Amino acid sequence: MALIDTINPLLTTGWAKGDAGWSLKDYEARGGYKQLRRVLESKMSQDDLIAEVKKSVLRGRGGAGFPTGLKWSFMPKAAPVKYVVCNTDEGEPGTFKDRDLMRFDPHSVIEGMIIAGYAVGAKAGYNYIHGEIFETYERFEEALDQARAAGYLGDNILGSGFSFDLFAHHGWGAYICGEETGLLESIEGKKGQPRFKPPFPANFGLYGKPTTINNTETFAAIPFILGMGGEAYLNLGKPNNGGTKLFSVSGHVNRPGNFEVPMGTPFSKLLEMAGGMRGGRKLKAVIPGGSSAPVLPGDVIMDCTMDYDSIAKAGSMLGSGAVIVMDETVCMVKALERLSYFYYEESCGQCTPCREGSGWLYRVVHRIEHGEGRPEDLDLLNRVTDNMMGKTICALADAAAFPVRSFIKHFQSEFEYHIENKKCLVDPEVQRMGSGFFKAGAA
Amino acid sequence: MVEIEIDGKTLQVEDGSTVIEAAHKLGTYIPHFCYHKKLSIAANCRMCLVQVEKAPKPMPACATIVTNGMKVFTHSDLAVKAQKAVMEFLLINHPLDCPICDQGGECQLQDLAVGYGESASKYEEEKRVVPDKDLGPLVSTDMTRCINCTRCIRFTAEIAGFMELGQSYRGERAEVMPFIGKTVDTELSGNIIDLCPVGALTSKPFRFAARTWELSRRKSVSPHDALGSNLIVQTKHDKVLRVLPLENDEINECWLSDKERFSYQGLSSSDRLTKPMVKQGGEWKEVDWNVALDYAAHALRDVAKTHGGAAIGGLLSPHSTVEELYLAQKLLRGLGSENVDFRLRQSDFSADGKRAGIPSLGMKIADISGLDRVLVVGSFLRKDHPLIAQRLRQSAKKGAQVSILHSANDDLLINLTARAIAAPSQLPALLAQVVKAVCALKGASADAALSALAVSAEAQAIAQSLASGSNTGVLLGNFAQQHPQAATLQALAGQLAKALGGKFGFLGEAANSVGGYAAKAVPGAGGLNAAAMIKDPRQAYVVLGAEPELDCADGAQALAALQKSAVTVVLTPFKSQAMLDYAAVLLPVAPFAETSGTFVNTEGRVQSFYAAAKSLGDARPAWKVLRVLGNLLALNGFEFNSSEDVRSEALGSQTEFVSGLDNGLSLGALNLSASAAGIERVTDVPIHFADALVRRAPALQRAADSAAPTARMNAAMLSRLGLAAGDLVKVGAGGTANASLVAQLDAGLPDGVVRVAAAHAATVALGPMSAVLSVEKA
């Protein structure tokens, strides 16, 4: 099943035919590779191209929201060997947008990457694809073959003199390989561990060469931006939050799935598109940007619009756009236990605070959930997160700490109840009712 | 230069320096674990977090590059809070088993925990347990203590040259381990013990032997190769229990080879001779010193009187101290003999009398690191000179071009620029080709003897590399010095260095390869050198510290000569069956660490040391034994009260470097003809067989580098001889001399050679190190 609903379909225009619409001829039929052709035939200057992307205020769709045009402009002009890398290591719990993007419209990513290669002067690119979505990797390889056969990849593309080739590389499922420098290490055949920065990838990236790394959705947006113009793209969204964005809505909604909406769309609208709360139950909390983003209570998120600035103002992050919706049947302690286990499992083990702290957090939350909490545990958790945040090479320690802090901050009484009464505030029977959703056909 | 401020103190540091380097310059200590000045930056332990003005988060001092005007606070609230946080994390899964941990008392984690840790842990969950690993006979593991700083991993990859350790698994389950089923076999493995900031990697031989605070410490000097590594010898109750590197950037930096680190175990060998012994009526008897010394003095005097002084030969180990060598030669000369030599494995002495001075490295050891083009001639470099190989490995990484010209192609773990590998007899011609090609490239005129030579592609490649440099060095290794045309190789190396405007010299084989010359332990006019005095057997021998059957170029001939002698006086720390067979008197002398003395290392540096422990049993320092022998023989000039007195007489007032070093040689016309016909022997002296002490160090003898000798050949040789690797073969050297060895494939060997190690009982019978051998299936 492909797309469910959009406002202003852009990235998802090609999804309508589901698995039947991904191939090159379908992509070309809907105007694909036209922008690449235009860029090459008009011999657009690299500076103009980057300026256009800057104008769109396209911000990185992987989670950090860094302006894409600015990132491209950091690439040293004179370097003889440069790379473009696409991060399809979509590992953030709750996120499943890049998977569908690669499944239903892989050529938009390929076109975006070729144009990016042109813009930064790279002759080769890699797409690092999450190892647990192997079908997607295989489809991407097929799409690459098609693009190569059609002359969009390889030497002297479309007779322009510009050469660029693109390679798919699949990982094995480590979350940390989604961190851009961990990803580079992994492509190089090493253990996926983030590098200390600086130097940043724009100076010392893949194989030590200047490298631009963007998210899949970011690359996919490029042809559309060039098609409509940077300004028009920006105006789709709101100032400083250009364009449309894919949101992966999961949890206790009637129609979970991917939704493309303009930046700045009210959360309430997104919830409505996802069919509203399942069973008409009350919204309890939402993690708006993937599991690393701080949780927001239902009433807070209902006042937010879905864009970087609004969510940040509310105290969380838009992140990768993974909206995890939780209703009143959820025990927040149990939910946090799951999240903490994830970070404990996925820490790469390099930096002391993360390696040791992520396990400590999980064990304490696990104890509380299992009726062995102690009154001092909440202070302890806050102190441990304090000691982890901002003290490591990459942001995984922060990602492990944010859920803990925000869950305790917003749902302290639930944690206290758990510790005191050695059981959930939310009746187990109610919890079972909530999880009934996951049974086929239930609604 | 940039100006920065650390804790209010301003200083200038070089561009590109890190904050921790700048702080160290100021004498400000920043706590750290993963940082090590000789290793790459990992920035993973996070202990060195400091506050940097304008940075929102604490920054790792080890990885943060200074910028002009940067203000760093190492003790601010933010910094200390971060450091204490990291310490707490480090300790939650650390076993805190300090009372039973060998690292206790010298543990970086323990030390820093005093400053940055709490008195009690708030961690009350289950602690991690990590399975131990088998890293071989030298390094013991307690991996539960590991804090994953990855220093050991980086050491194997960066310093030792091959990544034998890595980190497997993720997060809290991350483990440092070797490749599955493998051990850590580098000749530098012991350094990971020093590098480990906790008790995860400790010394297997030292394990549980003593607490660090019970040990007495003495500075000393390594008695093995001629690098002269500086040591700290640690003893308890007059027994050496551990040897550690004493940092000296000019020599060994902060490293030691395993041989230097673990050979002390040989001091406790059951072979130690603890009482003087004399053979009476074919029976060995333990006797008092005065009896033994009288016996020895009388026997030597009798031979000298009856047959003349020249009937006595002195075979002196190059691992002896300057004082010992000096007194031994003085004694022999006092008896009227000029037959004295310490160059036991040398076979070509044609340079004697033609040298301009004492042969040495020809530069400082530290200068090696500055060479931009290097040619190593005839050397099993990694095993013969592990720390010089290490220096060249680092140079090559920084862009220096290193090439080798040799008869084997062992992996030096150095990124080599060019290599020329040929049978031993071809080496002089091959080196001559390099000389000729360099002369052509430099527009210099080459030696007339080279005019007919055709330059091979390999020689040309080496020449091109050398000629493109501005600071070149040619280093002659042990194999070149033991080569039957060693003098020719030296002359050619000299010509090459001259054409390049570079330096050349010898990588000394033994602790006193230079000191032996300075101590005059070489034959004088009319005297016989080491090879000649065993080829032409003497009536009597004085053997000092050597086991001639293993330490001489032709062990079989040495053994035969000694067995034929009327009197052999052996001054030795160890007894062996061979000695009991050929000797008349065994005088127990103190080995390394039990005597004071001096080694002059390969660069000519004079390094004296005190005894670290009392001599075992009745053993006495050899310089005292020789002094008394001199007195008993009523020789003049043996009135010494201390080893310092001996050194003063031997070396004069030269305190830092000996004078008279000069690699110049006037050899006359070069002879490049190759005479070998048949299967040539390529002989290495394996690292752990090289001297009497290391041969008796049990842990080292279990290491991978101590494998029994085999008959190594390339694939073409094996197939031509109808052999397969693993076959038992009979290796013969003519007559009845032969050895049964296992055939082994060594793809790096040139055709027409068989490589058989020396200095091992299994191959003594084969005789000379350079020879033509027969090989057939057994």
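Residues numbered from 1 in each chain as written. Chains lettered and ligands numbered in written order. Predicted model: local features only at pLDDT ≥ 70, side-chain atom pairs only at ≥ 80, totals over all residues. Heavy atoms only, no water.

Our next topic: the overall build of chain B. Within chain B one finds 24 helices and 32 strands. Expected size for 778 residues packed as a compact globule is a radius of gyration near 28 Å; at 28 Å, chain B falls within 12% of this value. Taking all 778 residues of chain B together, 62% fall into the buried category. Only carbon and sulfur atoms are counted for the fraction: they give 51% of the accessible area of chain B, which is about 27,700 Å². Each charge class in chain B can be summarised by its mean position, and for the 76 positive and 79 negative side chains these summaries are 0 Å apart. (Helix = DSSP H or I, 4+ residues; strand = E, 2+ residues; numbered from the N terminus. Rg over C-alpha atoms; globule rule 2.2 N^0.38 Å. Buried < 20%, exposed > 50% of the residue type's maximum accessible area, 1.4 Å probe, protein only. Areas by Shrake-Rupley, 256 points an atom, 1.4 Å probe, with all protein chains shown as cover. Lys, Arg positive; Asp, Glu negative; His and termini not counted. Charge placed at Lys NZ, Arg CZ, Asp CG, Glu CD.)

This next bit is on the overall build of chain A. Assigned secondary structure in chain A consists of 19 helices and 12 strands. In terms of overall dimensions, chain A is globule-like: its C-alpha atoms have a radius of gyration of 22 Å, near the 22 Å expected for 443 residues. Looking at chain A as a whole, 64% of its 443 residues are labelled buried. Taking as baseline every contact in chain A between residues at least 6 positions apart, the subset at least 24 positions apart corresponds to 71%. Total accessible area on chain A is roughly 16,100 Å²; 54% of this is exposed by carbon and sulfur atoms. (Contact = heavy atoms within 4.5 Å.)

Attention shifts here to the sheet that holds strand β2 (residues 9-13) of chain B. Residue and element names in this part refer to chain B. Pairing is mixed in the open sheet, where five strands are placed in the order β2-β1-β5-β3-β4. Each edge of the open sheet carries a strand with a single partner, namely β2 and β4 (59-60). Judged from the two bridges that link them, strand β1 (residues 2-6) and strand β5 (residues 71-73) form a sheet pairing that is parallel. Bridge pairing in β5 places Glu 5 opposite Lys 71. Sitting on the sheet, helix α1 (residues 19-26) is in contact with β1, β2, β3 (49-52) and β5, with an inclination near 115 degrees to β2. Helix α2 (residues 77-92) rests against β3 and β5 of the sheet, and its axis sits at about 160 degrees to β3. (Pairing = 2+ DSSP bridges. Axes fitted to C-alpha atoms, helices over the stretch in contact; angles between N-to-C directions.)

Should the pLDDT be low somewhere, the predicted coordinates at that spot are not to be read in detail. When pLDDT is averaged along chain B, the result is 96; 100% of the residues meet or exceed 70. At the level of chain-chain contacts, confidence expressed as ipTM amounts to 0.93, with global pTM at 0.95. (pLDDT = per-residue confidence, 0-100.)

The next subject is a nonpolar patch on the surface. Residues and elements named next belong to chain A. On the surface, Phe 66, Leu 70 and Phe 74 cluster together into a nonpolar patch covering about 260 Å² of accessible area. Checked against the element boundaries, Phe 66 lands in the loop between α3 (46-56) and α4 (68-73). In this structure Phe 66 comes out as partly exposed when scored by relative accessible area, which is 36%. (Patch = residues over 30% accessible without salt bridge, like charges linked within 9 Å, V, L, I, M, F, W, Y side chains within 5 Å. Salt bridge = Lys/Arg side-chain N within 4 Å of Asp/Glu carboxyl O.)

So, on to the pattern of salt bridges. Residues and elements named next belong to chain B. All told, the structure shown has 74 salt bridges over all chains when counted by the stated rule. Note that Arg 261 and Asp 194 form a salt bridge whose closest N and O atoms lie 2.8 Å from each other. Of this pair, Arg 261 sits in helix α6 (residues 258-262) while Asp 194 sits in helix α5 (residues 191-195), and the two are 67 residues apart along the sequence. For Arg 261, a relative accessible area of 2% corresponds to the buried category. Take Asp 194: its relative accessible area is 32%, and that puts it in the partly exposed class.

Let us now look at the sheet that holds strand β15 (residues 312-316) of chain B. Residue and element names in this part refer to chain B. What the seven strands build is an open sheet, ordered β14-β13-β24-β23-β22-β15-β16; its pairing is mixed. If you trace the sheet from one side to the other, it starts and ends with β14 (283-286) and β16 (340-341), each paired once. The pairing of β15 with β16 spans two bridges and is classified as parallel. By the bridge assignment, Leu 315 is partnered in β16 with Asp 341. On top of the sheet, helix α7 (residues 289-307) reaches β13 (277-280), β15, β22 (540-544), β23 (567-572) and β24 (585-588); it is set at about 130 degrees to β24, its chief contact.

In terms of nonpolar packing, the biggest core is built from 88 residues, with Phe 33, Met 47, Met 87, Leu 109, Phe 155, Leu 381 and Leu 392 of chain B touching the most fellow members. Here Leu 109 of chain B is in contact with Phe 33, Met 87, Leu 90, Leu 91, His 94, Ile 147, Pro 197 and Val 198 of chain B, once residues within four sequence places are set aside. (Core = buried A, V, L, I, M, F, W, Y, C linked by side-chain atoms within 4.5 Å.)

All names here are of chain B. Mapped onto the secondary structure, Thr 602 falls in the loop between β25 (597-600) and β26 (606-609). Only 2.9 Å separates the side chain of Thr 602 from the backbone oxygen of Phe 506, close enough to count as a polar contact. From its side chain, Thr 602 meets the backbone nitrogen of Gly 508 in a polar contact 3.0 Å long. Here Thr 602 is in contact with Ala 226, Ser 360, Leu 361, Ile 365, Phe 506, Leu 507, Gly 508 and Val 514, once residues within four sequence places are set aside. (Polar contact = N/O pair within 3.5 Å; in protein donor to acceptor, adjacent residues only side chain to side chain.)

All names here are of chain B. Judged from the five bridges that link them, strand β29 (residues 728-732) and strand β30 (residues 738-745) form a sheet pairing that is antiparallel. Following the sheet pairing, Gly 732 is matched in β30 by Asn 738. Between the end of β29 and the start of β30, which pair antiparallel, lie five residues, with Gly 734 showing a positive phi angle near 85 degrees. With four bridges joining them, β29 and strand β32 (residues 772-777) adopt antiparallel strand pairing. Directly across from Val 729, in β32, lies its bridge partner Lys 777.

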